[in-house]
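# Close look at the chain arrangement
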Amino acid sequence: MKATLFAAALGSLLLTACAEQPQQPRPVSVKPPSQIDGIWYLDQNWTQDARQWYYNTTQGSQIIRYDWFMALQDPQTKEPFVKSVTRYGYTAGSASKWNPDLLPVGFVKDTDPDKTEWIGMTCASCHTGDVRVNGKTLRVDGAVTTGDLYGFISGLSGAVHATVTDNAAFEAFAAKILGPNAIDAKKIALFNQLKAFDASFATFVAQSTPDTPWGPMRTDAFGMIFNRVSVIDLNLPKNNRAPNAPVSYPYLWDAPHQPWVQWNGLLANDNSFEALGRNAGEVLGVFGKITLTPPKGAAHYYYNSTVRGQNLVAMENQLRKLRSPVWPDSIAGNVDIVKAAAGQDIYKQNCESCHALLPRDMTYTTAPISMIPLFNWAKPDDPKAVIAAFGMICAKGVDAAVEAKMVTVNYASDPKMAVDALCRQSATGAIAGVAMPPKLLGGTPLKDPDLAATLLANAVIGAVFGDIAKNPELIGDLLLGDDAPAPWASASSANWSGSGKASGKKTMDTTPLVTPGAKTTDQHRKLATILTGAAKTVSTVKEANKTPMSKVDAAAKAEQDLADTIKRLLAYKARPLDGVWATAPYMHNGSVPNLYEMLLPVADRSPVFKMGTIAIDPVKVGVDSKAADATFLFDTAKPGNRNTGHEFGASLTDAQRWQLLEYLKTL
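Residues numbered from 1 in each chain as written. Predicted model: local features only at pLDDT ≥ 70, side-chain atom pairs only at ≥ 80, totals over all residues. Heavy atoms only, no water.

### Remarks on the sheet that holds strand β1 (residues 34-36)
Pairing is mixed across the open sheet formed by 4 strands, whose spatial order is β1-β2-β7-β6. What marks the edges here is a single partner per strand, and that holds for β1 and β6 (128-133). Averaged over all adjacent pairs, the angle separating strand axes in this sheet is 35°, with direction ignored. Bridge count for β6 against strand β7 (residues 136-141) is 6 bridges, and the pairing is antiparallel. Bridge assignment links Gly 129 to a residue of β7, and that residue is Val 140. The sheet contacts of helix α2 (residues 48-55) involve β1, β2 (39-41), β6 and β7, and relative to β2 the element is tilted by about 110°. (Pairing = 2+ DSSP bridges. Helix = DSSP H or I, 4+ residues; strand = E, 2+ residues; numbered from the N terminus. Axes fitted to C-alpha atoms, helices over the stretch in contact; angles between N-to-C directions. Contact = heavy atoms within 4.5 Å.)

Encoded structure:
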């Protein structure tokens, strides 16, 4: 009997071998994955030096004193708190010359000019993702982190509070900071400093507590940035709003090449100054500091901040070289070429009009995007009607505007993020009436109140101006672009540690940017070139702004501009999908666990699923909700979590969905 079964099995194997020969390796234009210290890295056009520099370079974030952070104990584990950061989903760092203290990826030391050292976050903390498949861990640069930002800040707050409320914990902390033989007077002074930080940071955490938990892999980025700038930096608690519109961390490859960035296309990205502004805004959202007071005068027309402009420019140049990760056949399993070929035709017919293809074998300078409007406007050509509909949406919600027949829904994805980002108003306090950029360069003075997005733009531009004024060498860095040398291989690499040193050159006088007729220097003319994205001098900008306009015409233009802005920003971005396999969960709010469900009707998608794991499902391509470390329950019924919209695959047969899914692996 056993012999018969063996023979039958052998015959079956032989027949299978005849019917289906072993698949040849799929030709791809990248090097195979390489293993370093147990982690597999994909060829994304970065060297290990480039990667480690990026992981460990400060951008100006300052959460807590560095020595305090390193001395804190986690009250739950009784281990140093720094070792607990990975408990909140952040990626473990590796030993390198850039990371002598073995900090987690994206957690870095920042040093003020007075030598005060801080722990802060950088881009890599939220945009570096580990992926586990078939028992192997891959590190994907520019991908989604599994980090839980709220979990981290609340955990840090808890560790600080435990230290100031337990004598033994404080004594151990003080011994690490002051030494074992410190006098009582120094301990008391340290205690009072830590207690004050405990109170202020606890307030920040309370103000950052969402009604709908974000969980891992998401945050309400705009809500957090708006709160930081309008509440903390302006010291106006009345501006606080619960950050209730969480979004997935967007993946970064291609981002520097897109004309508009953020899920709702809020920020223009046409030149190096706009890119620096976008990155400076991110710094302010993750504990960068800025002093929002009216400029001291024309010669000092800016805001002081901790933004490290030179590092941000170097990071942007680094990201411009980053390419998307290729599906690793040798680790995740071979792509079915027959299905993928059929899926390619389906993609061209159904997807390519919104999600452009970026050929991997070609260099590119522009990554085309499509902005998909959320609404159809009843009177799209009437600015008053558009503004009135927008007012209804902000005041009473989308359903009220639909019921009033002012709009209809065009794209049914959860609108909360786009609506919140554009509707929110903030008091502008001390900087009401300040224009950033200056009026001479086309800036408009802040109203009180004003849109929170306008306030943020004002703060960001003022911070960038301040960094340029104090370090005019930044102008040259902005002009270099792709010609910039590798920061880790050049003299400027000394800045990676966050020394905050001035360049040694005299602070730039900003008077020509503010006062008509003031004498310009070569620095000012270069800055104007950067600001305008063309070879214009400050004087030509000034002349352009002299064109007379009646009050009636000006009001009509302002009204039309506002209506156009509303229509443009109440939308979500469709971007190229290269490397999309490594970016789960999907939709702007992370409400769909895998690519297969993205091709299903909404009714057939998972209403709840578990996430937070680095494990991916290589079949459905997305979060492996069955993994043991998938512990956060995502509920699509909660506000901001809707998984509606993007039903472009609903009309496909299931066979076509699997073919399209196989093709998506190849992008």
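### A closer look at the state of the cysteines
Under the defined criterion, the tally for this structure stands at 1 disulfide. Here Cys 394 is linked by a disulfide to Cys 423, with a sulfur-sulfur distance of 1.9 Å. Because the sign of the S-S torsion sets the handedness, a value of about -80° for the bond joining Cys 394 and Cys 423 places this disulfide among the left-handed ones. In this pair, Cys 394 sits in helix α13 (residues 383-396) while Cys 423 sits in helix α15 (residues 416-423), placing the two residues 29 residues apart along the sequence. (Disulfide = S-S within 2.5 Å.)

### Comments concerning the sheet that holds strand β3 (residues 64-65)
Backbone-to-backbone hydrogen bonds join strands into a sheet, with any given pair of strands oriented parallel or antiparallel. Reading across the sheet, the 3 strands line up as β3-β5-β4 and stay open at both edges, with antiparallel pairing between neighbours. Two strands in the sheet have a free side with no partner beyond their single neighbour: β3 and β4 (107-111). In this sheet, strand β5 (residues 117-121) lies alongside β3 in antiparallel orientation, the contact comprising 2 bridges. By the bridge assignment for β5, Ile 64 is matched with Ile 119.

### Notes on the pattern of salt bridges
Using the criterion set out here, one finds 20 salt bridges in the structure. Taking the shortest distance from any N to any O, the salt bridge between Lys 109 and Glu 117 comes out at 3.7 Å. The salt bridge involving Lys 447 is made with Asp 450; its shortest N-O contact spans 3.7 Å. With a relative accessible area of 5%, Asp 450 lands in the buried category. If you follow the salt bridges from partner to partner, you end up with Asp 110, Asp 112 and Arg 308 in one network. (Salt bridge = Lys/Arg side-chain N within 4 Å of Asp/Glu carboxyl O. Buried < 20%, exposed > 50% of the residue type's maximum accessible area, 1.4 Å probe, protein only.)

### Here we look at the environment of Asp 477
By secondary structure assignment, the location of Asp 477 is in helix α17 (residues 473-480). The class for Asp 477 is partly exposed, based on a relative accessible area of 21%. The spatial distance from the C-alpha of Asp 477 to the C-alpha of Gln 310 is 7.1 Å, given a sequence separation of 167 residues. The contact partners of Asp 477, leaving out residues within four places of it in the chain, are Gln 310 and Val 313.

### Side note on helix α23 (residues 654-664)
Restricting attention to buried positions, one finds in α23 the residues Arg 657, Leu 660, Leu 661, Glu 662, Tyr 663 and Leu 664. The secondary structure elements touched by the buried residues of α23 are α12 (337-350) and α22 (595-598).

### Regarding the packing of aromatic side chains
Considering all chains together, one arrives at 26 aromatic pairs under this definition. Considering the side-chain rings of Phe 81 and Phe 152, the 6.2 Å spacing of their centres and the 40° angle between planes classify their relative orientation as tilted. Pair noted here: Phe 81 is in the loop between α3 (66-71) and β4 and Phe 152 is in helix α5 (residues 149-164), with a separation of 71 residues, a long-range link. Looking at Phe 81, the relative accessible area reads 0%, which means it is buried. By relative accessible area, which is 0% here, Phe 152 ends up buried. Members of the aromatic cluster, each reached through a chain of ring pairs, are Trp 68, Phe 170, Phe 173, Phe 191, Phe 197, Phe 201, Phe 204 and Phe 287. The ring of Tyr 66 carries the charged tip of Lys 109 above its face, separated from the ring centre by 4.7 Å. The cationic tip of Arg 568 hangs over the ring face of Trp 260; the distance from NZ or CZ to the ring centre is 3.8 Å. (Phe/Tyr/Trp six-rings, centres within 6.5 Å; stacked < 30°, edge-to-face > 60°. Lys NZ or Arg CZ within 6 Å of the ring centre and 35° of its normal.)

### Looking at unusual backbone geometry
Across residues other than glycine, the phi torsion is negative in most instances, and most of the peptide bonds are trans. Here Met 436 and Pro 437 are connected by a cis peptide whose omega angle stands at 5°. You can see Pro 437 is positioned in the loop between β17 (425-426) and β18 (450-451). Residue Pro 449 is reached from Asp 448 by a cis peptide bond, and omega for that bond is 0°. Within the secondary structure, Pro 449 sits in the loop between β17 and β18. Backbone geometry places Lys 115, a non-glycine residue, at a positive phi of 80°.

### Things to note about the environment of Ala 169
Locating Ala 169 in the fold gives a position in helix α6 (residues 167-178). Note: C-alpha distance between Ala 169 and Pro 75 (94 residues apart in sequence) is 9.0 Å.

### Description of the pairing of β5
With respect to burial, β5 is a largely interior element, 4 of its 5 residues being buried. Adjacent in sequence and paired antiparallel, β4 and β5 are bridged by 5 residues, among which Lys 115 carries a positive phi angle near 80°.

### What to know about the pairing of β4
Burial within β4 is extensive, with 4 of its 5 residues counted as buried. One ladder, built from 5 bridges, connects β4 with β5; its direction is antiparallel. Its bridge partner being in β5, Phe 107 is matched across the sheet by Met 121.

### Thoughts on the side chain of Asp 74
By secondary structure assignment, the location of Asp 74 is in the loop between α3 and β4. Here Asp 74 falls in the buried class, since its relative accessible area comes to 2%. Polar contacts involving the side chain of Asp 74 include one to the main-chain amide nitrogen of Gln 76, which spans 2.8 Å. Within polar-contact distance, the side chain of Asp 74 engages the side chain of Arg 87 at 2.8 Å. Among all residues touching Asp 74, those that are not within four sequence positions of it are Glu 79, Pro 80, Phe 81, Ser 84 and Arg 87. (Polar contact = N/O pair within 3.5 Å; in protein donor to acceptor, adjacent residues only side chain to side chain.)

### Points about empty space enclosed by the protein
Evaluated as defined, the whole model comprises 1 cavity of 30 Å³ or more. Of the voids in this model, the largest cavity is the one considered here, and its volume is about 100 Å³. Taken together, 15 residues make up the lining of the largest cavity; nearest its centre are Asp 130, Val 131, Met 217, Ala 584 and Ile 616. Contributions of two or more residues to the lining of the largest cavity are made by β6 and β22 (622-623). Ranked by the residues each element gives to the lining of the largest cavity, the list is headed by β6, at 3 residues. (1 Å grid on protein atoms, 1.4 Å probe; cavity = no way out; pocket = protein on both sides within 12 Å on 5 of 7 lines; lining within 4 Å. Points joined across faces, edges and corners; volume = space filled by probe spheres on them.)

### A few points about the confidence of the model for the protein chain
Across the protein chain, the average pLDDT comes to 89, with 91% of residues at or above 70. Low pLDDT (under 50) marks residues 1-23, which in the prediction has 4 contacts with non-local residues, meaning those over four places away or in another chain. Of the regions scoring below 50 in pLDDT, residues 491-503 engages in 32 contacts with residues more than four places distant in sequence or in other chains. (pLDDT = per-residue confidence, 0-100.)

### Observations regarding the packing of helix α9 (residues 272-285) against helix α10 (residues 309-320)
Contact geometry for α9 and α10: axes closest at 10 Å, N-to-C directions at 115°. Compared by their axis directions, α9 and α10 come out roughly perpendicular. Here the hand of the crossing between α9 and α10 comes out right-handed. Residue-level contacts link Ala 275, Leu 276, Arg 278, Asn 279, Ala 280 and Val 283 of α9 to Gly 309, Leu 312, Val 313 and Glu 316 of α10. A breakdown of the residues in the contact of α9 with α10 according to their chemical character gives 6 nonpolar, 2 polar and 2 charged. (Parallel < 35°, antiparallel > 145°, perpendicular 65-115°, else oblique. Left-handed = near helix turned anticlockwise from the far one by under 90°. Nonpolar A, V, L, I, M, F, W, Y, C, P; charged D, E, K, R; others polar.)

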